[in-house]
Structure formats: C-alpha cells, structure tokens
Amino acid sequence: MLEMFRADLHLHTCLSPCADETMVPLAIVREAKKKGLDVVGICDHNSTRNVKAVRRAGQREGLSVIGGVEITTAEEVHILALFDQQSDLDKMQQLIDQNLGGENNPELFGEQYVCDENGLIVGREMQLLIGATELRVEDVVANIHNFGGLAIASHVDRERFSLISQLGFVPERLQIDALEVSPLHSVSQAADQLPQIRNYPLVSFSDAHQLEEIGRVFTTFTGVSPSVRELGKALGGKDGREVMN
Ligand SMILES: [Zn+2]
Ligand SMILES: [Zn+2]
C-alpha cells in the first residue's frame, strides 16, 4: 500500500556557519511538524555531525529524519547526498574530511555548533565548512552512489553554487538522481527558464537556514516508507511510485 510523504530534504542546522543559531534539533522537528511535513532531510555544508541529534529529536516527536550532507565540489557546485544508513553517511563524511582543507574563523564566517537533540552545544566543528572540497562533481556523484545514497544537485536555478551557474550546463553523462529547484521559483517556472533541466526529475526543497523557512516549499512522493530508497524509486517512476511538486 503506497502512502504520500511531504518531504523537505534540504535543511541546515546551527552546524552550518550561515544558518541561524536557533536551528537546533528539537526546534527544527517541531517546526516541520507544524508545517505538516512527514519527513525532513538534514544537509549541512560538508558535515553530517548534527544528523544523529536531529534523528533522536525526530524519534521523540514522531517525525522521520533522513541523514544527508550538502557537499561543495571543487567547482563550487553544491550537491545534496542523502542516505538511509548512518554507516553510509559516515563513509561519505570520511571522504569529505579527506578532501576538505582550512580552519573556521567564527568571527568571519560564523559559528559551527555541534549540539544534542535539545540544542545544548556539545562541540564545535573546526574545519571550514563553507570551503570547497577537492572532489570534482562526477567523483562526488559516483561516491554517493557507491555508498548507497541519492545525489541531487542543489538549487539549479540560483546564480551561485549551482551546477548551471558553475558549469553552465548539466553534464550529459552525470548520473544525477534529481535536480533541486530553490524557493525562488516554482518548478514549472524553473523548467520554463531552463529548458535543459526538463529531462531530469525535479524536486523543490526549502534550503532552510532559519526556522520559519522550513517547509516553505516541499516535494511529495509516494512509497511504502519515507526513505531514501523509496524516494529513489519515486524519482525513477518505478513500481508505481511518483514525485509530485
Ligand atoms: Zn547550497
Ligand atoms: Zn543548502
């Protein structure tokens, strides 16, 4: 029996230096429930270290939480990586750590808080998370797939840090699972303006950096559970699953 899931799978927490300090696990989960979402995805810049805390908050409050990360490639393209298994997310983190340089200066770039589910600060990420990794787009996508995840190109309609802004096009051989349209445009507006994106599955997530932004846009998909595996089937139109924007 297929169900419908309202998904906003691109949220930042207080770990991202550009995100609001109120973006702590319990507050994120409560806001998402208030907005009527069924599942959220946590995708901080180049770090997965607040995912477990949000997942615990989700378990407590009854909201599904998918673990992910927004990776900055060498070309300064943002790619979302989503995983069902924590062990696969850990492999992704290890690869990012091996390919990310620089140390954060909180006064310049903002604080990078690691917190528990209640929002208590338990540490600080020292790496400069807004920097670019040395991994190229194709390598990022290939590794996400090797580790069992889905690769979605972030905010393709934005003028910075997107596949189209950085490369000028979506590389034909890139095995990207979907393209994300930002809240700046509706999916149909973006498809009108960027004909090259029409051949790909499209999703719309909020890229929330503040609580009120959570759920401002979302994508609904059908499946037996609100999982990455089921989303992958829906993006591919397999087994009767589908994606609705
Ligand atoms: Zn981004
Ligand atoms: Zn983002």
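Overview of the structure. (Residues numbered from 1 in each chain as written. Chains lettered and ligands numbered in written order. Predicted model: local features only at pLDDT ≥ 70, side-chain atom pairs only at ≥ 80, totals over all residues.)

Regarding the nonpolar core
We apply this condition: Note on terminology: a nonpolar core is a set of buried residues of type Ala, Val, Leu, Ile, Met, Phe, Trp, Tyr or Cys, with members joined through C-beta atoms within 7 Å. Whether a residue is buried, exposed or partly exposed is read from the other C-beta atoms within 10 Å of its own C-beta, which are placed from the backbone; 20 or more gives buried, 12 or fewer gives exposed, and intermediate counts give partly exposed. The helix and strand labels rest on DSSP assignments: H or I over at least four residues marks a helix, E over at least two residues marks a strand, and numbering proceeds from the N terminus. Residues are scored as being in contact if the C-beta atoms we place from backbone atoms lie within 7 Å.
Ile 28, Val 40, Ile 79 and Ala 81 are the most contacted members of the largest nonpolar core, which totals 71 residues. Looking at this core, the element that brings in the most residues is strand β4 (residues 78-83), giving 5 residues. For Val 40, the residues in contact, after removing those within four places along its chain, are Asp 8, Leu 9, Leu 11, Ile 28, Ala 32, Leu 63 and Val 65.

Considerations on the sheet that holds strand β8 (residues 178-181)
Note the threshold: The pairing criterion for strands is at least two bridges between them, as found by DSSP. The axes used here are C-alpha line fits, helices contributing only the stretch in contact, and every angle between their N-to-C directions lies in the interval 0 to 180 degrees.
Ordered by their spatial adjacency, 9 strands build an open sheet running β9-β8-β7-β4-β3-β2-β1-β10-β11, and the pairing between neighbours is mixed. Looking at the sheet topology across the chains shown, the edges are occupied by β9 (202-204) and β11 (243-244). In this structure, strand β7 (residues 150-153) lies alongside β8, joined through 2 bridges in parallel fashion. Residue pairing in the sheet places Ala 153 in a bridge with Leu 179 of β8. Where helix α2 (residues 51-61) meets the sheet, it contacts β2 (39-42) and β3 (64-72), and its direction lies at approximately 160 degrees from that of β3. Most of the contacts of helix α8 (residues 228-235) go to strand β10 (residues 219-223), to which it runs at about 100 degrees, and overall it touches β3, β4, β7, β8, β10 and β11.

Let's talk about the packing of helix α1 (residues 25-34) against α2
To keep it simple, the criterion reads: In what follows, roughly perpendicular refers to angles from 65 to 115 degrees, roughly parallel to angles under 35, roughly antiparallel to angles over 145, and oblique to any angle outside these ranges. In this scheme the crossing of two helices becomes right-handed for a clockwise turn of the near helix relative to the far one and left-handed for an anticlockwise turn of less than a right angle. Residue polarity is assigned by list, with Asp, Glu, Lys and Arg as charged and Ala, Val, Leu, Ile, Met, Phe, Trp, Tyr, Cys and Pro as nonpolar; anything else, Gly included, falls into the polar class.
At a minimum axis separation of 8 Å, α1 and α2 run at an interaxial angle of 50 degrees. Put simply, α1 runs oblique to α2. As α1 runs across α2, the sense of the crossing is right-handed. Contact residues: α1 offers Pro 25, Leu 26, Ile 28, Val 29, Arg 30 and Lys 33, while α2 offers Ala 53, Val 54, Ala 57, Gly 58 and Glu 61. Considering only residue class, the contact of α1 with α2 consists of 7 nonpolar, 1 polar and 3 charged.

Brief notes about the environment of Ile 28
Note that Ile 28 resides in helix α1. When the 28 C-beta atoms within 10 Å are taken as the criterion, Ile 28 is described as buried. Taking the C-alpha atoms as reference points, Ile 28 and Val 228, 200 residues apart in sequence, are found 20 Å from one another. Residues within four places of Ile 28 in sequence aside, it is in contact with Leu 11, Thr 13, Met 23, Val 40, Val 54 and Ile 214.

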